[in-house]
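Close look at the chain arrangement
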Amino acid sequence: MSVNGMLQAGKEPVLEGSIVKDVGTVWEQALPAVARDLAAFVDARQTDRKAFDQILRHAMTIAPKLTLQGGTTEVLRGIIARGLGLR
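One structure accompanies this document, and this report is about it. Computed from a prediction, not measured in an experiment: that's the story for all the values here. (Residues numbered from 1 in each chain as written. Predicted model: local features only at pLDDT ≥ 70, side-chain atom pairs only at ≥ 80, totals over all residues. Heavy atoms only, no water.)

A few points about helix 4 (residues 73–83)
Within helix 4, the full set of buried residues consists of Thr73, Leu76, Gly78, Ile80 and Ala81. For helix 4, the secondary structure elements touched by its buried residues are helix 2 (14–39). Just downstream of helix 4, Gly85 is the residue with a positive phi angle, here 75°. (Buried < 20%, exposed > 50% of the residue type's maximum accessible area, 1.4 Å probe, protein only. Helix = DSSP H or I, 4+ residues; strand = E, 2+ residues; numbered from the N terminus. Contact = heavy atoms within 4.5 Å.)

Dropping the structure here:
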């Protein structure tokens, strides 16, 4: 929301946008594994496990590409380091 507000105000939130992208990517890549682990506790007879498994397979397949969309993790972290004066 903050980055969006900055964009609407005509600012260029390069550092903030890079941080959001990096944190979001880490979360998006971890989420399918967390969902898979939590699904082990659900009674498969009471749910549509087939649909869940199909969605999970898709999520696990695309998770690695998320670090390439919008900038690789290394590039984003370089931008963050520069923005924080660490580089």
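Some remarks on a nonpolar patch on the surface
There is a patch of nonpolar side chains on the surface, built from Trp27, Leu31, Val34, Leu38 and Phe41 and spanning about 560 Å² of accessible area. Along the polypeptide, Val34 turns up in helix 2. The partly exposed category is assigned to Val34, whose relative accessible area is 37%. (Patch = residues over 30% accessible without salt bridge, like charges linked within 9 Å, V, L, I, M, F, W, Y side chains within 5 Å. Areas by Shrake-Rupley, 256 points an atom, 1.4 Å probe, with all protein chains shown as cover. Salt bridge = Lys/Arg side-chain N within 4 Å of Asp/Glu carboxyl O.)

Here we look at the packing of helix 2 against helix 3 (residues 49–62)
It is at 9 Å that the axes of helix 2 and helix 3 come closest, and there the two elements cross at 155°. Taken together, the axis directions place helix 2 and helix 3 in an arrangement best described as roughly antiparallel. The two elements helix 2 and helix 3 meet at a crossing, and its hand is left-handed. For the pair helix 2 and helix 3, the contacting residues are Pro32, Ala33, Ala35, Arg36 and Ala39 in the first and Arg49, Phe52, Leu56, Ala59 and Met60 in the second. Broken down by class, the residue content of the contact of helix 2 with helix 3 amounts to eight nonpolar, no polar and two charged. (Axes fitted to C-alpha atoms, helices over the stretch in contact; angles between N-to-C directions. Parallel < 35°, antiparallel > 145°, perpendicular 65-115°, else oblique. Left-handed = near helix turned anticlockwise from the far one by under 90°. Nonpolar A, V, L, I, M, F, W, Y, C, P; charged D, E, K, R; others polar.)

Looking at the environment of Arg45
Here Arg45 shows up in the loop between helix 2 and helix 3. By relative accessible area, which is 75% here, Arg45 ends up exposed. When the C-alpha positions of Arg45 and Arg77 are compared, they lie 44 Å apart, and in sequence the two are 32 residues distant.

Concerning the environment of Pro32
Among the structural elements, Pro32 can be located in helix 2. Its relative accessible area of 6% is what places Pro32 among the buried residues. In sequence terms Pro32 and Arg49 are 17 residues apart; their C-alpha atoms lie 15 Å from each other. Among all residues touching Pro32, those that are not within four sequence positions of it are Leu56, Ala59 and Met60.

Section: the pattern of salt bridges
Using the criterion set out here, one finds three salt bridges in the structure. Asp37 is paired through a salt bridge with Arg36; the nearest N and O atoms lie 3.6 Å apart. Across the pair Arg49 and Asp53 runs a salt bridge whose closest N-O atoms are separated by 2.9 Å. Of this pair, Arg49 and Asp53 both sit in helix 3, four residues apart, which is roughly one turn of that helix. For Asp53, a relative accessible area of 27% gives the class partly exposed.

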